Amino acid sequence: MNLILLAIIALGAIGLIAALLLYFASQKFAVHEDERIGQVSAVLPQANCGGCGFPGCAGFAGACVKAADEGSLEGLLCPVGGQPVMEQVAGILGMTVEASAPKVAVVRCNGSCENRPRLVQFDGAQSCKVQQMIGMGETGCSYGCFGCGDCVKACKFDAIHINPETLLPEVDEEKCTACGACAKACPRQIIEVRLKGPKNRRMVVLCNNKDKGAIANKWCKASCIGCGKCVKACEKFEAITVTKNLAYIDAEKCKLCRKCEEACPKGAIHAINMPPRKPKTDAPAAPKAEAPVATNAPSAPTNQNTPNNPTNQN
Amino acid sequence: MIIMENKLIVSLSPHVHGGDSVQKNMYGVCIALLPALIASFCFFGLGAVTVMLTSVLACVFFEWAITKFILKRDKLTILDGSAILTGLLLGFNLPSNLPIWIIVLGALFAIGVGKMTFGGLGQNIFNPALAGRVFLLISFPVQMTSWTDNVLDHVDGYSGATPLALMQKAILEKDPSVLNNLPSSLDMFLGQTEGSMGEVSALLLLLGCAFMLWKKIITWHIPVSIICTVFVFAGLLHLLDPVYANPLQVIFSGGLILGACYMATDYVTSPMSHKGQLIYGVAIGLLTVVIRNWGAYPEGMSFAIIIMNAFTPLINTYCKPKRFGEVVRKEAAK
Amino acid sequence: MKTFKIGGVHPEENKLSAGQPIREAQLPKQAVFSMFQHIGAPANAVVKKGDVVKVGTLLGEAGGFVSAPIYSSVSGKVSKVDVALDASGLRRMAVTVDVEGDEWEESIDRSKDLVKLADRPDLDGKTIVEKIKTAGIVGMGGATFPTHVKLCPPPGKVAECVIVNAVECEPYLTADHSLMLAHPEEILVGLQLVMKAVGVNKGYIGIECNKPDAIKLMTEKSAQYPEIEVVPLQMKYPQGGEKQLIDAVIGRQVPAPPALPIDTGAIVQNVGTCFAIYEAVMKNKPLIDRVITVTGKSLKQPSNLLARLGTPFSQLIDECGGLPEDTGKVIGGGPMMGKALLSLDVPMTKGSSGLLIMNNKEARRAEAEPCIRCAKCVGACPMGLEPYFLAKVSEQTDWDVAEQNDITSCIECGSCQFTCPSHRPLLDYIRLGKSTVMGIIRSRAAK
């Protein structure tokens, strides 16, 4: 009996002391956090992809709360959750958000094995960043895709995969959340997060080559040579610009008229998800080598199309 | 991948390799174990052959089965020699009259739990062979500690208790005279004692160890630090109180040499830096003597190694190799 | 015998061209001069298409203090000033010259007579450095760091001795070896010039003991100069690394970056650089040619060629018996630190110490297996790093941890990967980590 009593008292005393210690410790070391951060965090996707530009979802939540205190949520977007999530976040913070157009990752290289033959063979760690250290890479193009799949490793949503035939990454538009992790992982900045466009239709220059036309043309059948024919074709909307021998289509200005596609002598401009003109072909994000989308243009891509003036731009 | 013929290969430097390989290292250890293996066959007869064969075959089989059917990897790893080595070491740690089903169970634990659950070669935290041995020792203490007589042993006219058990008995009974029953250090060194198969001949094990050092499979740090620590610690105890055995007898008894040269030096589970390896070795030496003298089991080597295996990541974090120019850097900081 | 203290490996020597005298290579038909032949700012081309140049005419002027001018090594007409593929595998600015004849600038003294330092009492340290700078001399062991920068220690640092790097620890290469056998006196005068330039009176020549003839010859010839000492060194790779050589010769270790080798009081110069310095100062000849080892197990005639800069590698191979059929890989430099070439048409540059042709069998790496944590890379690392760990954290892009574990100290010698029994691409990842971490450090410093 005595023993039991002693045990109870001893254990009770230890428990009490420990409880007191814990109480004071929790008071002393308490971290005061805005409770709204937790609430915002709860509605975020918790993928911690960093696509918003902040370190993880918690960082983004903190930024949202801070921005709300300053009066506006502008410029903050969770690319994964998109509009619905941002509305929820705004609701919690008592704000409104303007609609932002959905985006998708686009691989701006069409240098498939056929278009851009391999000149040498790389033997080493399977990483684009490592391969970049040998210089140009396996092909003659200093700007094109390595095909080692750093973007695949970076994608948390299983939305990008290397096509074994073309050795180019292809984006699964259903799964892509436009978080931009692949774009950041790409050592050559080939992947761009672009506006998805109305009905997912868009015009894209599938090339990233900034070399002069002659060099670009020599090593890749599908390269943009910076000839500027597309710029002329788009005089009406002024959506296309050529900088450093590379054409770029401004998605906001583009009216999807497809004139540039016809004008391009190398077939570097692709119309994605557009209804076919004559022959029906499905166009995934990065069309396969021999499936150039609806090329009924008179100047079909051939190798004789060396530019008249390769150094006209720049 | 597309087959690329007649194309220059490009890769980053270095473009040459020293020619070392995992197989060379693993089979090197196996070769180092051969003399002791043959000796144990001679000492223990057919039983030893059966135990060893079962252990090796079971380990290889489980490695194959697990990679193929559970992990579903295309590349089979049974030829890299690590499973064979695990089987050999496990066999060395078993008495020669162990029932086959227990050996198979031990091999399953060693490969299945000790190695493959962590992801296979290079990932395991504990030495697989030791994990299997300790599992069997705890699960089947009776079978694991009833040794048959060493065939060559009868001249000494005793049987039954092993040197380790005698040593512990001396301490428990506080009677140094028990130690008189121990075989001489020389007999122990040459291999005239009882025990598990690999625990018999210190000489041949050391011979194999010398081979591994020569082939640069292992460095001297771990074996030397373990043996020296045991010698010093056991020596001190012996000087203080004669109930503790002579340090030479401590070193040559049981699985100490086997553990120090072959088990503690396991690549995967030992520290990476020389400093860390010395700490690891000293700690194993101390733990071994403590467990042997005051623990519940007569043999402390396997437990000591397993315990220090668990500390290896910690040692790796805190024991960095000496950086080039470090001395200068410290002086500059002052 | 002396050597450095931490780590190191012993690769097979394969010095196939050892003992071959230096042979002069033919003039190329077309020479390409990359403006990126050194570390630092690229040179700026000062010629244009159609200009007529002679041997020794300036093609590109230095683009900054850490930079070097580039001279034509041939005479002829400039046919192109445009991007061209160079040995680094990148398309960069280069001047192409179509060769016509072999006309030299008058200022260059082409006689073979030895000019000793005593013959030129007018030279003072400043003039020597200025001449080196104008001649466009860079570290010719392969690092291509502009030499005049090395000879101007930052304020507060004092040089105590000059060490000549005649180690040539890279397997296959024999360019420095053959140069020592051919021009020992010139090298010694070159060393004296460097010593005078930095104002020290102690010079060492570190030679690995696999070149006994060179050790003997250099010791004999240096007997007349008491301030110069030939130090035979035990064979171990990477003894030719600047930090390892200082440790081996004078027993001092360079602290981790940002410390420089000069912090130990030593200035290291390659043998080839010393020879170039001699020619630049005494003969007024800018850096326009160098000795290059063209070698390989399948090559017919492994040779040491004295070739003009800008000569395409393919021509050098042709002079040594042509490209073997089983060629798998062509490396600019030695097998441990050289760079695999993307094309054979790239020109040789100031840093081209060798051209190694590997056959198909040697060229391919073995398949990587999982790390067995054998710690052999830790034992081999001459900088006392943990290559297995650095490679792992680099693969996982954990840059902070990589930085804490001194990834920037890595000298990229390749000993870790050479020794790895699992054939892991350790250095591939460490290089990636190192360059990324250096970038992070730079951007942090810029803030």
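Residues numbered from 1 in each chain as written. Chains lettered and ligands numbered in written order. Predicted model: local features only at pLDDT ≥ 70, side-chain atom pairs only at ≥ 80, totals over all residues. Heavy atoms only, no water.

## Here's the deal with the sheet that holds strand β17 (residues 354-359) of chain C
All names here are of chain C. Ordered in space as β1-β14-β13-β17-β15-β16, the six strands form an open sheet in which the pairing is mixed. Edge positions in the sheet fall to β1 (22-24) and β16 (339-340), since each of these pairs with one other strand and no more. Here strand β13 (residues 289-295) runs beside β17; their pairing, made up of three bridges, is parallel. Opposite Thr293, over in β17, you have Gly354 as the bridge partner. (Pairing = 2+ DSSP bridges. Helix = DSSP H or I, 4+ residues; strand = E, 2+ residues; numbered from the N terminus.)

## Focus: empty space enclosed by the protein
All names here are of chain B. Estimates place the volume of the largest cavity at around 270 Å³. Lining the largest cavity are 20 residues, with Met26, Leu85, Leu89, Asp266 and Tyr267 positioned closest to its centre. At the level of elements, α1 (22-44), α3 (82-92) and α5 (128-139) are the ones that each hand at least two residues to the lining of the largest cavity. Here the lining of the largest cavity takes four residues from α3, the largest share from any one element. Classifying every residue of the lining of the largest cavity by side-chain character gives 13 nonpolar, five polar and two charged. (1 Å grid on protein atoms, 1.4 Å probe; cavity = no way out; pocket = protein on both sides within 12 Å on 5 of 7 lines; lining within 4 Å. Points joined across faces, edges and corners; volume = space filled by probe spheres on them. Nonpolar A, V, L, I, M, F, W, Y, C, P; charged D, E, K, R; others polar.)

## Focus on the interface of chain C and chain B
If you look at the interface, chain C gives 58 residues, while chain B gives 36 residues. In this assembly, chain C packs against chain B so that about 4200 Å² is buried in total across both faces, 57% of it on carbon and sulfur atoms. Counting across the chain C and chain B interface gives four salt bridges. Salt-bridge contacts for Glu386(C) lead to Lys320(B); the nearest nitrogen and oxygen are separated by 3.4 Å. On inspection of chain C and its partner chain B, the count reaches 24 residue pairs in polar contact (both at pLDDT 80 or more). (Contact = heavy atoms within 4.5 Å. Buried area = accessible area lost by both parts, 1.4 Å probe. Salt bridge = Lys/Arg side-chain N within 4 Å of Asp/Glu carboxyl O. Polar contact = N/O pair within 3.5 Å; in protein donor to acceptor, adjacent residues only side chain to side chain.)

## Thoughts on the packing of aromatic side chains
Summed over the entire model, instances satisfying the criterion amount to 12 aromatic pairs over all chains. Note on Phe54(A) and Phe60(A): the rings are 5.9 Å apart at their centroids and 55° apart in plane angle, and the pair reads as tilted. Aromatic pair Trp101(B) and Phe140(B): ring centres 5.4 Å apart, planes at 90°, arrangement edge-to-face. Taken together, the residues span a long stretch of sequence, with Trp101(B) in helix α4 (residues 100-113) and Phe140(B) in the loop between α5 and α6 (141-145) at a distance of 39 residues. Overall, the relative accessible area of 52% leaves Trp101(B) in the exposed class. Aromatic ring contacts, followed pair by pair, group Phe61(B), Phe62(B), Trp64(B) and Phe69(B) into a single cluster. The ring of Phe389(C) has Lys320(B) lying over it, and the distance from NZ or CZ to the ring centre is 4.7 Å. A cation over a ring is seen here: Lys236(C) above Phe4(C), with NZ or CZ 4.6 Å from the ring centre. (Phe/Tyr/Trp six-rings, centres within 6.5 Å; stacked < 30°, edge-to-face > 60°. Buried < 20%, exposed > 50% of the residue type's maximum accessible area, 1.4 Å probe, protein only. Lys NZ or Arg CZ within 6 Å of the ring centre and 35° of its normal.)

## Some details on the domain arrangement of chain C
Residues and elements named next belong to chain C. Partitioning chain C into domains gives domain 1 (26-107 + 286-360), domain 2 (117-283) and domain 3 (376-446). A separation of 29 Å is found between the C-alpha centroids of domain 2 and domain 3. In this complex, domain 2 contributes six residues to the contact, which on the side of domain 3 involves seven residues. When the two sides are added together, the surface that domain 2 and domain 3 hide from each other amounts to roughly 520 Å², 59% of it contributed by carbon and sulfur. Counting every contact that joins domain 2 to domain 3 gives zero salt bridges. Connecting domain 2 to domain 3 are two residue pairs in polar contact (both at pLDDT 80 or more). (Domains from an automatic or database assignment.)

## Examining the state of the cysteines
Overall, the coordinates contain zero disulfides over all chains when judged by the stated rule. A disulfide-free cysteine, Cys155(A) has its sulfur positioned 6.2 Å from the sulfur of Cys179(A), the nearest such atom. Unpaired in this structure, Cys169(C) has its nearest cysteine sulfur neighbour in Cys413(C), at a distance of 8.9 Å. (Disulfide = S-S within 2.5 Å.)

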